Amino acid sequence: MAEAQRAVAVVTGSGQGLGRAFAQRLAADGFRIVVADVQADAAAAVADELCRLHGTGAAVAAPVDVSDEDSVGALAEQVQRDAGRWDVLVNNAAVFSSLSMKPFGEIPVAEWDMVMAVNVRGAFLCCRAAVPAMRKLGRGKIVNVASAAVFQGRPNYLHYVSSKAALIGLTGALASEVGNDGITVNAVAPGSTETEVPRSTVTPDQVQQIIARQAIHRRQVSDDVVGAVSFLVSADSDFITGQTLTVDGGSVFR
Ligand SMILES: NC(=O)c1ccc[n+]([C@@H]2O[C@H](COP(=O)([O-])OP(=O)(O)OC[C@H]3O[C@@H](n4cnc5c(N)ncnc54)[C@H](O)[C@@H]3O)[C@@H](O)[C@H]2O)c1
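I will try to describe carefully the structure that is included in this document.

Conventions adopted
Residues numbered from 1 in each chain as written. Predicted model: local features only at pLDDT ≥ 70, side-chain atom pairs only at ≥ 80, totals over all residues. Heavy atoms only, no water. Helix = DSSP H or I, 4+ residues; strand = E, 2+ residues; numbered from the N terminus. Buried < 20%, exposed > 50% of the residue type's maximum accessible area, 1.4 Å probe, protein only. Contact = heavy atoms within 4.5 Å. Areas by Shrake-Rupley, 256 points an atom, 1.4 Å probe, with all protein chains shown as cover. Near = heavy atom within 4 Å. Polar contact = N/O pair within 3.5 Å; in protein donor to acceptor, adjacent residues only side chain to side chain. 1 Å grid on protein atoms, 1.4 Å probe; cavity = no way out; pocket = protein on both sides within 12 Å on 5 of 7 lines; lining within 4 Å. Sits in = over half its atoms within 2 Å of the grid points. Nonpolar A, V, L, I, M, F, W, Y, C, P; charged D, E, K, R; others polar. Salt bridge = Lys/Arg side-chain N within 4 Å of Asp/Glu carboxyl O. Points joined across faces, edges and corners; volume = space filled by probe spheres on them. Axes fitted to C-alpha atoms, helices over the stretch in contact; angles between N-to-C directions. Parallel < 35°, antiparallel > 145°, perpendicular 65-115°, else oblique. Left-handed = near helix turned anticlockwise from the far one by under 90°.

**Focus on the overall build of the chain**
Next up, step 1: Within the chain, the regular secondary structure consists of 8 helices and 9 strands.
Next up, step 2: Seen through its principal axes, the chain has C-alpha atoms that stretch 50 × 35 × 35 Å.
Next up, step 3: Counting the 254 residues in the chain, one finds 53% classified as buried.
Next up, step 4: Nonlocal contacts in the chain, meaning residues at least 24 apart in sequence, comprise 76% of its contacts between residues at least 6 apart.
Next up, step 5: Approximately 11200 Å² of the chain is accessible, and the part contributed by carbon and sulfur atoms is 55%.

Below is the structure:
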């Protein structure tokens, strides 16, 4: 497929974890993937992996700090230079696996601000960068990666849960501003998901409680979430916008 013709999906935070799984699925769906991550080496490794699997041109790495306006501006320039089009944005980058749980009163203000800057401002900046290109195309798909933790009242990472609640608000509000441009904006809210990345935002005891609470009693893995993202960036979801799709094995019912 000529690169100019292939639809482009920018997946932020796709150097590892869920973002990498989204990138893998969207590459298999035929998108040219921009592997956008603050960890330049990880982004390059995932882009190489996708090119090996799907052929040269399947992916390109883009080092970016989504919380930084200039860095996101450079990302938008790279996308235009590289492919001349921007069809899909998956706002997946977040401060997450590096967080440690703590009572809300012990969260330093600097840590609160960092989580908000990456998880919320990052999504805002990336949407602001992508929408003009999508308007030019006359269509576009934005998927924000929120979290089912918003609906569970999970304790001990208040900044993180608050940031994900903000993304759900952003999803509906932005959807109503860009609907007439042919752009849909939706969110997925995954339950606690095992990836290849170790983290301390969930303890082994909590994992067992989470599994017991689910209607489907097994550990959620990345592959459980990728289908929802694939659907929300496909034409099959063209009349769905402003929505949040919970993917958690049946733990919260809304
Ligand atoms: N894994 C879960 O249990 C779970 C559950 C619900 C929601 N989520 C959400 O899914 C997404 C991915 O989760 P994960 O488990 O893969 O997390 P992760 O911490 O393993 O990966 C996050 C990725 O974002 C990148 N990143 C961080 N700051 C960045 C910045 N400033 N600019 C660009 N990239 C940056 C990291 O380098 C990393 O590659 C996150 O939005 C997370 O909040 C995860």
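**A short note on the site of the ligand**
Next up, step 1: Inspection of the region around the ligand gives 27 residues, with Asp-37, Asn-92, Ser-97, Tyr-160 and Thr-193 positioned closest.
Next up, step 2: With respect to the ligand, the backbone of Thr-193 contributes an N or O atom lying 2.7 Å from an oxygen atom.
Next up, step 3: One nitrogen or oxygen atom from the side chain of Arg-199 is found 2.8 Å from an oxygen atom belonging to the ligand.
Next up, step 4: For the ligand, whose free accessible area comes to 830 Å², the fraction covered by protein is 94%.
Next up, step 5: Its atoms largely coinciding with the cavity grid, the ligand occupies the largest pocket.
Next up, step 6: Elements supplying a minimum of two residues to the shell around the ligand: helix H1 (17-28) and helix H6 (158-178).
Next up, step 7: Looking at the shell around the ligand residue by residue, the classes come out as 13 nonpolar, 10 polar and 4 charged.

**Considering the pattern of salt bridges**
Next up, step 1: Going through the model one piece at a time under the given rule, you end up with 11 salt bridges.
Next up, step 2: A salt bridge links Arg-32 to Asp-82; the shortest N-O distance between them is 2.8 Å. Of the two residues, Arg-32 sits in strand E2 (residues 32-37) while Asp-82 sits in helix H3 (residues 69-82), which places them 50 residues apart along the sequence.
Next up, step 3: Among the salt bridges present, the one from Arg-218 reaches Asp-224, with a minimum N-O distance of 2.8 Å.
Next up, step 4: Asp-224 gets classed as partly exposed once you look at its relative accessible area, which sits at 27%.
Next up, step 5: Overlapping salt bridges bring together Arg-20, Glu-49 and Glu-196 as one network.

**Structural notes on the layout of surface pockets**
Next up, step 1: Each pocket or cavity is described by its volume, and for the largest pocket that value is around 800 Å³.
Next up, step 2: Contributing to the lining of the largest pocket are 44 residues, with Asn-92, Ala-94, Val-95, Phe-96 and Ser-97 lying nearest its centre.
Next up, step 3: Elements that contribute at least two residues to the lining of the largest pocket include exactly H1, E2, helix H5 (149-152), H6 and helix H7 (204-213).
Next up, step 4: Examining the composition of the lining of the largest pocket, we find that 3 residues originate from one element, H1, more than from any other.
Next up, step 5: The residue makeup of the lining of the largest pocket, split by class, is 20 nonpolar, 17 polar and 7 charged.
Next up, step 6: There is about 190 Å³ of room inside the second largest pocket.
Next up, step 7: In terms of lining residues, the second largest pocket is bounded by 14 residues, among which Asp-87, Arg-139, Gly-140, Lys-141 and Val-233 are the most central.
Next up, step 8: Considered class by class, the residues forming the lining of the second largest pocket number 5 nonpolar, 4 polar and 5 charged.

**Notes on empty space enclosed by the protein**
Next up, step 1: Scanning the entire structure with this criterion turns up 1 cavity of 30 Å³ or more.
Next up, step 2: Space inside the largest cavity adds up to approximately 50 Å³.
Next up, step 3: Thr-12, Val-66, Asn-91, Ala-93, Val-118, Asn-119, Gly-122, Ala-123 and Leu-167 together form the lining of the largest cavity.
Next up, step 4: The element that contributes the greatest number of residues to the lining of the largest cavity is helix H4 (residues 109-137), accounting for 4 residues.

**Some words on the packing of H1 against helix H2 (residues 40-54)**
Next up, step 1: Here H1 crosses H2 at 25 degrees, and the two axes come no closer than 11 Å. Put simply, H1 runs roughly parallel to H2. Where H1 crosses over H2, the handedness of that crossing is right-handed. Taken together, the residues of H2 that come into contact with H1 (itself represented by Arg-20, Ala-23, Gln-24, Ala-27 and Ala-28) are Val-46, Glu-49, Leu-50 and His-54.
Next up, step 2: Residue classes in the contact of H1 with H2 are distributed as 5 nonpolar, 2 polar and 2 charged.

**Digging into the packing of H4 against H6**
Next up, step 1: The interhelical angle for the contact between H4 and H6, taken along N-to-C directions, is 20 degrees, at an axis separation of 9 Å. The angle between H4 and H6 places the two elements in the roughly parallel class. Handedness of the crossing formed by H4 with H6: right-handed. In contact with Glu-111, Trp-112, Val-115, Met-116, Asn-119, Val-120, Ala-123, Phe-124, Cys-127, Val-131 and Arg-135 of H4, H6 contributes Leu-158, His-159, Tyr-160, Ser-162, Ser-163, Lys-164, Ala-166, Leu-167, Leu-170, Leu-174, Glu-177 and Val-178.
Next up, step 2: Residue composition of the contact of H4 with H6, grouped by class: 15 nonpolar, 4 polar and 4 charged.

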